[in-house]
Every structure is written in structure tokens, then in C-alpha cells.
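# Architecture at a glance
For reference, the chains in residue letters:
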Amino acid sequence: MSDSTLDSMRGRFITGAGQILYFGVEMLSTWHSPDGRVLSGSALLSFDFSKGMPQVTFVPTVSIVQGSGSGVLVDTTGRSIDASGLANVSGIAQGIQIVGDHNSAGNSTELHVTTTLPASSDADITGNAALAVGDANASVALQPDSIAVTLGMDGQGSLRQIIRGDASGGGSVLQTVSLLGDGHDVGNQLRITLVQPSTGAALQLQQNVALSLGLLQGLRSGR
């Protein structure tokens, strides 16, 4: 990419202080195994600044349900995945690593900029959630510098979503899928919502987001 193109991308999301009324993160991970089990982990973290005093909400949910699947879990002895390098990635990173057959996997991240506040919630900050049933586990954890959703099945793989910050003010968004078994259907979904006042500043931010996404076309191969 040319220097002039890079220059026009810099600082596109800065709108000034006091312009955000609401910031929310919704994370959902799901796992359908061939033997009929359904694992689910979700987290809602939101900051509502619209009433002056910020209202913080954190709602974790985990579940493991036995279904009516007719398949079986395969022996994955001899199969391995090394995803340790992804832990060092900054910015936004999505990774899918699959060793088995007949699997379906995906990661999705959405950013929504709007002027409409979501319905208010009576929920406050609740504790972390974790559940283990046999060889399956699901957890949602909020730490001072991160929020994470994790699903796992012994010998079959794992799913993870994490948003974390660092001491320098930076951070990262990471979605990973690691599958060793066969016949699994898994996915991570992340939705970030920003609410701004219905003024020119909000319109400007939406235009800046659209322009910046358009400029990312310059990162395609051959450019």
C-alpha cells in the first residue's frame, strides 16, 4: 500500500471525549458434537453512560445439554494442534485449526454503530460461570484486564474468545477454533455495539468506519 493510503487510514475512529453513550460486547460460542451434546457459553458486558453515572453489566451463561445424536467421538490419539503462538497476537485475530474430518467451524465479529440505546437491563455484575459434565466443559470469566468464553471437550478440541487489554493501553480481540475430532459443528460470534448521540458526531463516526473498511481493500494480495 502507498504511504498516502496508509496516511488516510490513521486515526479514523477517534471522535473526541464524551461521545459514547453505550459500549457493549456480546460473545457467544456454541459446539454441537456428533454424539448429540450441545455446549454453549455466552457473555454480555456493557457500559451505559447515558444516565450520568456509568452502569456496568456483566451476565455470563454456560450450558451443556445431551441431545439425540447418533454419532460417536473418534479416538484422536496421534493428532495434535499447537495454537500457542496466537496468544501473542495483538489487534484482532481469528484462527481455525482442524485436524479431523467432516467438521464445520467459523468465527464472526461484528461492529455496530448506532444512535439507539438497547433496552435497559436490571442485571448488575454477577460472578463468573463454569460448568463441567464428563469430558466437556464451558466457562465464562471476567478479569480486571480481560473477558473470555471457553468451550472444550477432552481429546476433541476447544473454542475460545477473549478480549484483553494491556498496561500500555493497547489490547487484542482473539477468536480461536482448534478441532481434533470428526463431525463437530462449532462457532464463535462476537458483536460490539457503540451508541452515540444523534448528532453530526455520530454520523461522522459511521462514515469514518465505512471509509476505513473500504480502505482495507488495499490490503488484498496484488496491491
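The rules behind the values
- Residues numbered from 1 in each chain as written.
- Predicted model: local features only at pLDDT ≥ 70, side-chain atom pairs only at ≥ 80, totals over all residues.
- Heavy atoms only, no water.
- Helix = DSSP H or I, 4+ residues; strand = E, 2+ residues; numbered from the N terminus.
- Buried < 20%, exposed > 50% of the residue type's maximum accessible area, 1.4 Å probe, protein only.
- Contact = heavy atoms within 4.5 Å.
- Areas by Shrake-Rupley, 256 points an atom, 1.4 Å probe, with all protein chains shown as cover.
- Salt bridge = Lys/Arg side-chain N within 4 Å of Asp/Glu carboxyl O.
- Core = buried A, V, L, I, M, F, W, Y, C linked by side-chain atoms within 4.5 Å.
- pLDDT = per-residue confidence, 0-100.

### Quick look at the overall build of the protein chain
Secondary structure assignment for the protein chain yields two helices and eleven strands. Here the protein chain holds 223 residues, and 35% of them are scored as buried. Sequence-distant contacts in the protein chain: of pairs separated by 6 or more residues, those separated by 24 or more amount to 66%. Carbon and sulfur atoms make up 54% of the accessible area of the protein chain, which totals about 12,100 Å².

### Section: the pattern of salt bridges
Oppositely charged side chains can pair when the atoms bearing their charge come close. In this structure the tally under the stated criterion is five salt bridges. Here E110 ties to R191 by a salt bridge, and the two come within 3.7 Å at their closest N and O atoms. Taken together, the positions of E110 in strand β5 (residues 104-114) and R191 in strand β11 (residues 185-195) put the pair 81 residues apart, joining distant regions of the chain. Given a relative accessible area of 38%, E110 falls into the partly exposed group. Where salt bridges share partners, they join E26, E110 and R191 into one cluster.

### Let's talk about the nonpolar core
Of all hydrophobic cores here, the largest spans 24 residues; its most connected members are W31 and L39. If you list the elements that add at least two residues to this core, you get β1 (22-32), β2 (37-48), β3 (55-66), β7 (136-143), β8 (146-153), β10 (171-179) and β11. The leading source of residues in this core is β8, at four residues.

### Brief notes about unusual backbone geometry
The phi dihedral of H102 is positive, around 60°, even though this residue is not glycine. For H102, the location among the structural elements is in the loop between β4 (91-98) and β5.

### Quick word on the confidence of the model for the protein chain
Looking at the protein chain, the pLDDT average stands at 82 and 78% of residues meet or exceed 70. Highest mean pLDDT in the protein chain belongs to strand β6 (residues 129-133) (97); lowest belongs to helix α1 (residues 3-9) (51). Contacts for the low-pLDDT stretch residues 9-17, under 50 throughout, to residues beyond four places or in other chains number eleven contacts. Long-range and interchain partners of residues 216-223, a stretch whose pLDDT sits below 50, account for six contacts in this model, where long-range means more than four residues apart.

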